[in-house]
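Secondary and tertiary structure notes
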Amino acid sequence: MSGTASYPLEMCSQFDTDELRRLGKSFKKLDLDKSGTLSVEEFLSLPELKQNPLVRRVVDIFDTDGNGEVDLQEFIRGTSQFSVKGDEEQKLRFAFSIYDIDKDGYISNGELFQVLKMMVGNNVRDWELQQLVDKTIIILDGDGDGKISFEEFSAVVRKLEIHKKLVVIV
């Protein structure tokens, strides 16, 4: 793992050789069962992620082959989205994908409800949460199609500079 030759070029563009080595070590440390892949439970073994309600969504996004686990390549590719060198567009697309559960390029009313429900748990009654979701869709849905496109999402989220918060130092 001393060089980047064993990684696809697009994975290496965000990280230098030392960062790739550190990511490999982090992956091995997280791989508690030594299976060569990371499960949701292994991600949740990190104290800083234990209480994060969106860990399962992040694992789903990292898991590009859909097998339910994250291999080293998926881990590096997924983590690269949080690189200091990562661009704003990439980070906004990642944030959007948290909500776009069915990966159809839109955030539906139901998807927004599901993700917000993950975040608030039982602290908000479902009917109140649904009202919030309905209002959010109405406000963000510029073309009136009843769902939020990436362009509609990023027009609002870009102003919040969320991409500056989606950073991991490797």
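Residues numbered from 1 in each chain as written. Predicted model: local features only at pLDDT ≥ 70, side-chain atom pairs only at ≥ 80, totals over all residues. Heavy atoms only, no water.

A separate point is the UniProt feature "domain: EF-hand" (unreviewed entry) in the protein. Residues annotated in UniProt with the feature "domain: EF-hand" (unreviewed entry) correspond here to residues 18–53, 55–85, 87–122 and 128–163. Measuring from the first to the last C-alpha atom of residues 18–53 gives 31 Å, for a span that is 61% helix and 6% strand. Within the segment residues 87–122, helix and strand shares are 67% and 6% respectively, and the terminal C-alpha atoms sit 35 Å apart. (UniProt positions renumbered as here; feature names shortened; annotations may be inferred. Helix = DSSP H or I, 4+ residues; strand = E, 2+ residues; numbered from the N terminus.)

Turning our eyes to something else, we now look at helix H2 (residues 17–30). The end-to-end C-alpha distance of H2 is 20 Å, a good match for the 20 Å that 14 residues give at a rise of 1.5 Å each. The set of residues buried in H2 consists of Glu19, Leu20, Leu23, Gly24, Phe27 and Leu30. Looking straight down H2, one finds its buried side chains confined to an arc of 140°; they lie on one side. Exposed side of H2, more than 90 degrees from the buried face: Lys25, Lys28 and Lys29 are the residues found there. (Expected span 1.5 Å × (residues − 1). Buried < 20%, exposed > 50% of the residue type's maximum accessible area, 1.4 Å probe, protein only. Arc of directions from axis to C-beta.)

The pLDDT averaged across the protein works out to 84; a share of 84% of its residues lies at or above 70. Segment residues 1–12: pLDDT under 50, and 22 contacts once partners within four positions in sequence are set aside and those in other chains are kept. (pLDDT = per-residue confidence, 0-100. Contact = heavy atoms within 4.5 Å.)

Looking now at the nonpolar core. Formed by 36 residues in total, the largest nonpolar core has its most connected members in Phe43, Phe75 and Phe153. Elements with a contribution of two residues or more to this core: H2, helix H3 (40–44), helix H5 (55–62), helix H6 (72–80), helix H7 (88–99), helix H8 (109–120), helix H9 (126–140) and helix H10 (150–157). Every residue in contact with phenylalanine 75, bar those within four places of it in the chain, is listed here: Leu23, Phe27, Leu30, Leu38, Phe43, Phe62 and Val70. (Core = buried A, V, L, I, M, F, W, Y, C linked by side-chain atoms within 4.5 Å.)

It is worth spelling out the pattern of salt bridges at this point. In total, this model carries five salt bridges according to the counting rule given. Between aspartate 60 and arginine 57 there is a salt bridge; the shortest N-O distance is 3.4 Å. Linking aspartate 60 with arginine 57, this pair stays in helix H5, spanning three residues, or about one helical turn. When its relative accessible area of 38% is taken as the criterion, aspartate 60 is described as partly exposed. A relative accessible area of 5% means that arginine 57 is categorised as buried. Arginine 125 is the salt-bridge partner of glutamate 128, the closest N and O atoms lying 3.3 Å from each other. The class for glutamate 128 is partly exposed, based on a relative accessible area of 29%. (Salt bridge = Lys/Arg side-chain N within 4 Å of Asp/Glu carboxyl O.)

Put simply, the second largest pocket is a space of about 160 Å³. What lines the second largest pocket is Tyr99, Ile107, Leu112, Leu116, Leu132, Thr136, Leu140, Ile148, Phe153, Val156 and Val157. Considering only residue class, the lining of the second largest pocket consists of 10 nonpolar, one polar and no charged. (1 Å grid on protein atoms, 1.4 Å probe; cavity = no way out; pocket = protein on both sides within 12 Å on 5 of 7 lines; lining within 4 Å. Points joined across faces, edges and corners; volume = space filled by probe spheres on them. Nonpolar A, V, L, I, M, F, W, Y, C, P; charged D, E, K, R; others polar.)

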